[in-house]
Amino acid sequence: MGRAQVLVVAGTHGNERNAPALLERWRREPRDLDCAGLPVQLVLGNPAAHAANRRYIDRDLNRCFAPDLLADLTQQPLELQRARELLAQFAPTGANPCAVAIDLHSTTSGMGNSLVVYGRRPADLALAAGVQARLGLPIYLHEADAAQTGFLVERWPCGLVIEVGPVAQGLLSAPILRQTQLALEAVFAVLAEAAAGELRLPAGLQVYRHCGSVDLPRDAAGEAIACVHPALERQDWRPLQVGQALFWQPGGQDCPAEWRFDPQTLGFPAEAHWPVFINEAAYGEKGIAFSLCRRERWASEGAWLEALQALMAA
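What counts and how
- Here, residues in each chain are numbered from 1, in the same order as that chain's written sequence.
- Local features are withheld for residues below a pLDDT of 70 in this predicted model, meaning they are given only at 70 or higher, and side-chain atom pairs are given and counted only at 80 or more; totals for whole chains, interfaces and linings count all residues.
- As a rule here, side-chain values come from all non-hydrogen atoms in the structure, and water together with hydrogens is ignored.
- To qualify as a nonpolar core, a set must consist of buried Ala, Val, Leu, Ile, Met, Phe, Trp, Tyr and Cys residues joined through side-chain atoms within 4.5 Å.
- For every residue, the accessible area (1.4 Å probe, protein chains only) is compared with the maximum for its type, and the residue is labelled buried under 20%, exposed over 50%, or partly exposed between those bounds.
- Note on conventions: DSSP H or I runs of at least 4 residues are helices, E runs of at least 2 residues are strands, and numbering of each starts at the N terminus.
- The contact rule is simple, with two residues in contact once any of their heavy atoms fall within 4.5 Å.
- In this analysis, strands are considered paired if DSSP registers two or more bridges between them.

Draft legend 1. Structural view of the nonpolar core. Counting residues in hydrophobic clusters, the biggest one holds 52 residues, and the most contacted among them are Ile-102, Leu-127, Ile-162, Leu-308 and Met-312. If you tally residues by element for this core, the top one is helix α6 (residues 174-195), at 11 residues. Dropping the residues within four chain positions of it, Leu-127 is found in contact with Ile-102, Cys-158, Leu-160, Val-187, Val-190, Leu-191 and Leu-308. Counting residues in each nonpolar core, the second largest holds 35 residues, with Phe-65, Ala-66, Leu-70 and Cys-98 among its members.

Draft legend 2. Here's a closer look at the pairing of strand β6 (residues 158-165). The element β6 is largely enclosed, with a buried count of eight among its eight residues. On β6, burial covers both faces: Cys-158, Leu-160, Ile-162 and Val-164 on one face and Gly-159, Val-161, Glu-163 and Gly-165 on the other are all buried. In terms of strand pairing, strand β3 (residues 100-106) meets β6 through seven bridges, oriented parallel. Note on β6: the bridge partner recorded for Leu-104 is Ile-162. Note: strand β4 (residues 112-118) against β6, five bridges, orientation antiparallel. Paired with Ser-114 across the strands is Glu-163, a residue of β6.

Draft legend 3. Seen up close, unusual backbone geometry. The linkage connecting Gly-165 with the following residue, Pro-166, adopts the cis geometry, with an omega of 10°. Within the secondary structure, Pro-166 is located in the loop between β6 and α6. Residue Phe-277 is not a glycine yet carries a positive backbone phi of 50°. One can find Phe-277 in the loop between β10 (274-276) and β11 (290-299).

Put into structure tokens, the structure is as follows:
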């Protein structure tokens, strides 16, 4: 019985330099990456943006994979064409089919080494649970957000994002390089065990479930009038306290009440106390100062393991 191919994408955003640097190293020295015996395809996601050291040329590649957008051939921005190329080559029905997609990213926010899962596909949850059992990584479960869709890994039967930070855009960092490779090799180990029928999931999975996003305060013209409060910087994954200051204005002494944390006033569930992607530089254009989550622990389900094992058995 064969083993399903795994697609590893680096440089989906062209100014995230660490994963592409690893990719080039692994291409030159394959022995430097422990693939756990799996067949792996290493791909630079957005070569044009990478060459320009820009996040994207026309539009965010990691928002170009929505089915209706892909099907609309009147739309021809560079990144959408690249999304179609990647699918034609590496989708399960493509010329070089892969069953799993792992998208490597870095962030300017203090996310540490973490995973992002989109929705609740059983195979995704099995993979995330297996990695969390090995490394203890936090898992951001992104779902039910109509403003943010079209993510790359959603177009493969199984997939997740490895997100590591903080690191400035365009900057290589040894800790980021090391943490990225550590997480990717843990992913390979879990997938190899699933392919061999040897994977055992932990009793439970802890996730931070996306509840929505919060923008900076803005004036009538849409210009930001404050920034993220210094006490909130680098506090990803740490619960907010009701009344905590969220934003700060240069020269300001008092934080207005509307700039203090109250989940229900902000329109979130009372349990949504956990911020992620705080002050991510690339999210300013998306109107996101940070996102809020509720922390949940789920019991592992047999269907998760069955889905991942069936997929990896090729």
